[in-house]
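# Tertiary structure, described
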Amino acid sequence: MRAPAALARLVLSRVPAMKALMVETGGWGGIAHYTWNLCAALATAGVDVALLTNREWELAHLSTPFEVDRCFSARAGYLGNVKALRERIAHARPGVVHVQSLLSTRFDALLWPVIRRRAPVVMTIHNVRTHERIRWDDWTLWRCFAAADAVVVHTRQAAEVARQRLPAAARIELVHHGDAGFLQGRDRPDRLVARAALGLPRGVQIVLVFGAIRPYKGIHAVIAALPELRRRHPNAHLVIAGPLLVGSEADYRDSIRRAAVDAAVVFRPGYVPAETVASYFAAADVAVFNYRDITDSGSLRLACDLGTPVVATAVGSFREFLTDGVTARLIEPGDAPALVRALDDVLARPEAAARMAEAARALATSAWSWVESAKATAQLYETLARGDA
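Residues numbered from 1 in each chain as written. Predicted model: local features only at pLDDT ≥ 70, side-chain atom pairs only at ≥ 80, totals over all residues. Heavy atoms only, no water.

### Things to note about the pattern of salt bridges
Under the defined criterion, the tally for this structure stands at 17 salt bridges. Among the ionic pairs, R231 bridges to E228, the shortest N-O distance being 2.9 Å. Taken together, the residues R231 and E228, both in helix α8 (residues 219-232) and three residues apart, mark about one turn of the helix. Judged by its relative accessible area of 28%, E228 is partly exposed. Between D254 and R257 there is a salt bridge, with the nearest N and O atoms lying 2.3 Å from each other. Of this pair, D254 and R257 are both found in helix α9 (residues 249-258), three residues apart, which corresponds to roughly one turn of the helix. (Salt bridge = Lys/Arg side-chain N within 4 Å of Asp/Glu carboxyl O. Helix = DSSP H or I, 4+ residues; strand = E, 2+ residues; numbered from the N terminus. Buried < 20%, exposed > 50% of the residue type's maximum accessible area, 1.4 Å probe, protein only.)

Following this line, the structure appears as structure tokens:
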């Protein structure tokens, strides 16, 4: 008698797999990591998925259970990349094209209605607005979303914004964001080992700001809060790590000098390779997300997945899946004294902070499952391929 797993494989082998083309144009960062995890989960679920990504794809070192075509390149220019995309679609004849990132927020509003004539198009809304609120980019971004047969959102707030911005007949699917996936590795690095590997000080308390450096993340305010925090915790240090996408390094170094905390800040404005990400969270006593506004944050989810205590502002989706004092410390945006108090509380009570982090990690394990995300995504693909509304 065949084992259940063998029977499942036999059944799957007799049913032609859905062909899906996943489009992720950048090849680096949080959306690239998300896309890899989703593609791997879809492949495991029996979907024939192929990833179209950048020639500089940072995850080429991973053992990948799906097809990868590194067909996009900045050197090819916009029209060259459009040509590459159209050629792949014509050759593959996919049942669905799923877009994680655009070729250009300026021009893609003209592209996707054309692609939609060849195959149903799904677009994931990772951000309901451009981070720097560029009006033209916001307008063209939503033109792209409106061209899709369905859009995927990760949070109730994003779904509500999409309902307000898209036509009444738009199909909006709430599919939860998965966990850290491959970024978690097999074992969480030991704190001292992680600090040694990163060249960070050992006998201090580390407050981590991680991810792309942009104004809306309130990093200047975290720097300004450090002197007061150090009056309560003299060995508190701030580590800022991530690519500087908006603003200048001089602006942040000026903030550090004005706060007179030069010796207590490690400022690393550069891209953090995927294989190093977990070490930063393992090295930290607390990760802080002092955002003024946000739909969702892959970095915050990483902190929860990796068991690092979190202090965050109660904005966007943060208030949807985090509870103050249970899974994180939540504060109102712009409240500098509350920021200091919350960081002080986490550093002063490490055992309570560890319990919060463990509760957040348990939440991530139960609620942020790639298996469930892939199942919902595959069901969406199937209904679109059949032409169901």
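### Quick look at the nonpolar core
Counting 71 residues, the largest nonpolar core has L42, F281, F289, L300, F318 and Y381 as its most contacted members. Not counting residues within four places of it along the chain, the set of residues in contact with L300 comprises F289, V310, A312, F318, F321 and L322. The next biggest cluster of nonpolar side chains, apart from the first, holds 35 residues, and it includes L21, I89, L141 and L166. (Core = buried A, V, L, I, M, F, W, Y, C linked by side-chain atoms within 4.5 Å. Contact = heavy atoms within 4.5 Å.)

### A short note on the pairing of strand β8 (residues 205-210)
Burial of β8 is extensive: six of the six residues sit out of reach of the surface. The alternating pattern of β8 places Q205, V207 and V209 and I206, L208 and F210 on opposite faces, both of which are buried. Summarising the sheet, β8 and strand β9 (residues 236-241) pair through six bridges and their orientation is parallel. Looking at the pairing, V207 lines up with L238 of β9. Relative to strand β11 (residues 286-289), β8 runs parallel, the two being bridged by two bridges. The residue bridging V207 from the neighbouring strand is V286, located in β11. (Pairing = 2+ DSSP bridges.)

### A short note on the sheet that holds β11
With respect to topology, six strands assemble into an open sheet ordered β10-β9-β8-β11-β12-β13, the strand pairing being parallel. Looking at the sheet topology across the chains shown, the edges are occupied by β10 (265-268) and β13 (329-331). Neighbour-to-neighbour, the strand axes of this sheet turn through a mean angle of 20 degrees, independent of strand direction. In this sheet, strand β12 (residues 310-313) lies alongside β11 in parallel orientation, the contact comprising three bridges. Across the sheet, the residue bridging to V288 is V311, located in β12. Across the sheet, helix α13 (residues 336-348) is in contact with β8, β9, β11, β12 and β13; its angle to β13 comes to roughly 175 degrees. (Axes fitted to C-alpha atoms, helices over the stretch in contact; angles between N-to-C directions.)

### Details of the side chain of E24
Mapping E24 onto the fold places it in the loop between β1 (19-23) and α2 (29-44). R70 is the oppositely charged side chain nearest to the buried, salt-bridge-free E24, at an N-O distance of 10.0 Å. Separated by 3.0 Å, the side chain of E24 and the backbone nitrogen of G26 make a polar contact. Each residue touching E24, except ones within four places of it in the same chain, is listed here: I31, A32, T35, L51, L52, T53, N54, F72, Q100 and S101. (Lys, Arg positive; Asp, Glu negative; His and termini not counted. Polar contact = N/O pair within 3.5 Å; in protein donor to acceptor, adjacent residues only side chain to side chain.)

### Some thoughts on unusual backbone geometry
Although it is not a glycine, R93 adopts a positive phi angle of roughly 45 degrees. Counting through the fold element by element, R93 comes out in the loop between α3 (77-92) and β4 (96-99). According to the relative accessible area criterion, R93 is exposed, its value standing at 72%. The backbone phi angle of A260 is positive, close to 60 degrees, even though this residue is not glycine. Topologically, A260 is positioned in the loop between α9 and β10.

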